[in-house]
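Understanding the architecture of this molecule
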Amino acid sequence: MIIAERKPLPEVLEMLEGAKDVLVLGCRACTAICLAGGEREAVEMREALSLHSELKGKGWNVSALTVERACEREFLSPIEGHTGTVVSMACGVGAQVVQGLFPSLRVVPGVNTSNMGAPEGMGVFVERCAGCGDCIIHLTAGICPIARCAKGLLNGPCGGSKGGRCEVSPETPCAWEQIVKGLEAQGRTDLLEAIIPPRDWRPSRSGGPRRIVNAEAAPGPAQREWRGED
Amino acid sequence: MIVCYCCARSGMPAALRAMEDGGLDDVLLREVPCTGAVEPGEVLRSFRQGADGVLLVGCLLENCAHHYGSEVASRRAARLSQVMSDIGSVPGKVAMVHLAEHQADRFRRAVEGVRKANGQEEGR
């Protein structure tokens, strides 16, 4: 899932200068799970903004709405008719989909979108995938060296691994230590003998914004005509 | 008015004892199953509905019936206090007190602390 954290409130307040109608838009998907932008956080933001408006005489008309997934236009019809500013508690993807669908709205981010990761424990979320576009975790015991090694080494560990920890931060486990242990558990340490060659970075961010087309799902000519999408 | 979200097991009995002695006419008690269950939005809404301060009244940290509910509430109160500060109010308007059901005095002192944060006179 996509990991995000709440933006500091003073930043949000600054972005709302000059606003009148403010809609706080929560998302029940990723940002709800990482406790940054779900219904609960959207309601809290609505109350905080309303209170600020009352205290400072801003005259904001603040409301809140939470949708199933802000990154899919099918779920965004409840926003129709809203004018003014949207504080998006969804990830950066959701915020941009909302902005694209409703160009006249002013969309401001209520969260900082960080990475693709997973919950490690209560309230702890850790990056797990860098979205490099060329997955090789079958060679590395299911552990991504791009996302989880600070240096993104394909053939590790480096000399900075001490006691199973990364030299970048003692809180970060050495990904390659975990890979070695994982391969040992699987009885596949022979994989460590093979050199993983330099990777093709073109499917990664290096190639600019990426576009994936599922040829089966993408509409053909008749479907496009029926949907009026020519 | 100071809205007190009181844990049914510890906070509420302590608050009721304190109320018997008078001087807490500005206190509104709301019973909750655990202070850890108090929603942040609910706390902020209390201010919009006229509260001058909000006090979470929960179990002693080592004695929470829900194990860590009052610990969660304590962190939440600290964060909401910061939120109040961020939106232009004064710090200390949201506070947490940990007590056992017989500690009515501790409840009274916590209310006084919130009053002071609001610049109110003691015993208003």
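Our subject in this report is the structure included herewith. The model shown is predicted, which means the values in this text are computed figures rather than measured ones. (Residues numbered from 1 in each chain as written. Chains lettered and ligands numbered in written order. Predicted model: local features only at pLDDT ≥ 70, side-chain atom pairs only at ≥ 80, totals over all residues.)

**Quick look at the overall build of chain B**
In terms of helices and strands, chain B carries four helices and four strands. In sequence order, the secondary structure elements of chain B are arranged as β-α-β-α-β-α-β-α. Rg of the C-alpha trace for chain B: 13 Å, near the compact-globule value of 14 Å for 124 residues, within the 12% margin. For chain B, the C-alpha atoms occupy an extent of roughly 35 × 30 × 20 Å along the three principal directions. Every one of the 124 residues in chain B was classed for burial, and the buried ones make up 48%. Contacts in chain B between residues at least 24 apart in sequence constitute 68% of all its contacts with a sequence separation of at least 6. (Helix = DSSP H or I, 4+ residues; strand = E, 2+ residues; numbered from the N terminus. Rg over C-alpha atoms; globule rule 2.2 N^0.38 Å. Buried ≥ 20, exposed ≤ 12 C-beta atoms within 10 Å, placed from the backbone. Contact = placed C-beta atoms within 7 Å.)

**So, the packing of helix α3 (residues 39-56) of chain A against helix α2 (residues 40-48) of chain B**
α2 of chain B packs onto α3 of chain A with a crossing angle of 20° between their chain directions and a minimal axis gap of 8 Å. Relative to α2 of chain B, the element α3 of chain A lies roughly parallel. The way α3 of chain A lies across α2 of chain B gives a crossing that is left-handed. Between α3 of chain A and α2 of chain B, the residues in contact are Arg40, Val43, Glu44, Glu47, Ala48, Ser50, Leu51 and Glu54 of chain A and Pro40, Gly41, Leu44, Arg45, Phe47 and Arg48 of chain B, respectively. (Axes fitted to C-alpha atoms, helices over the stretch in contact; angles between N-to-C directions. Parallel < 35°, antiparallel > 145°, perpendicular 65-115°, else oblique. Left-handed = near helix turned anticlockwise from the far one by under 90°.)

**A few points about the nonpolar core**
Among the nonpolar cores identified, the biggest contains 81 residues, and Val24 and Leu25 of chain A together with Leu55 and Val57 of chain B are the most heavily contacted of them. Residues within four places of Val24 of chain A in sequence aside, it is in contact with Ala42, Met45, Arg46, Leu49, Val62, Ala64, Val87, Met89 and Gly110 of chain A. Of all hydrophobic cores here, the second largest spans 10 residues; its members include Ile146, Cys174, Trp176 and Ile179 of chain A. (Core = buried A, V, L, I, M, F, W, Y, C linked by C-beta atoms within 7 Å.)

**Considering the interface of chain A and chain B**
Facing 13 residues of chain A, the contacting portion of chain B comprises 12 residues. For the side of chain A that touches chain B, the secondary structure elements donating two or more residues are α1 (9-15) and α3 of chain A. Among the elements that take part in the side of chain A that touches chain B, α3 of chain A stands out by supplying 11 residues, more than any other. Residues belonging to the side of chain A that touches chain B are distributed by class as follows: six nonpolar, two polar and five charged. (Nonpolar A, V, L, I, M, F, W, Y, C, P; charged D, E, K, R; others polar.)

**Some thoughts on the sheet that holds strand β2 (residues 27-32) of chain B**
All names here are of chain B. One open sheet accounts for four strands, arranged β2-β1-β3-β4; its pairing is parallel. The open sheet has two free edges, formed respectively by β2 and β4 (94-98), since each of these has just one partner strand. Direction aside, neighbouring strands of the sheet carry axes that sit 20° apart on average. (Pairing = 2+ DSSP bridges.)

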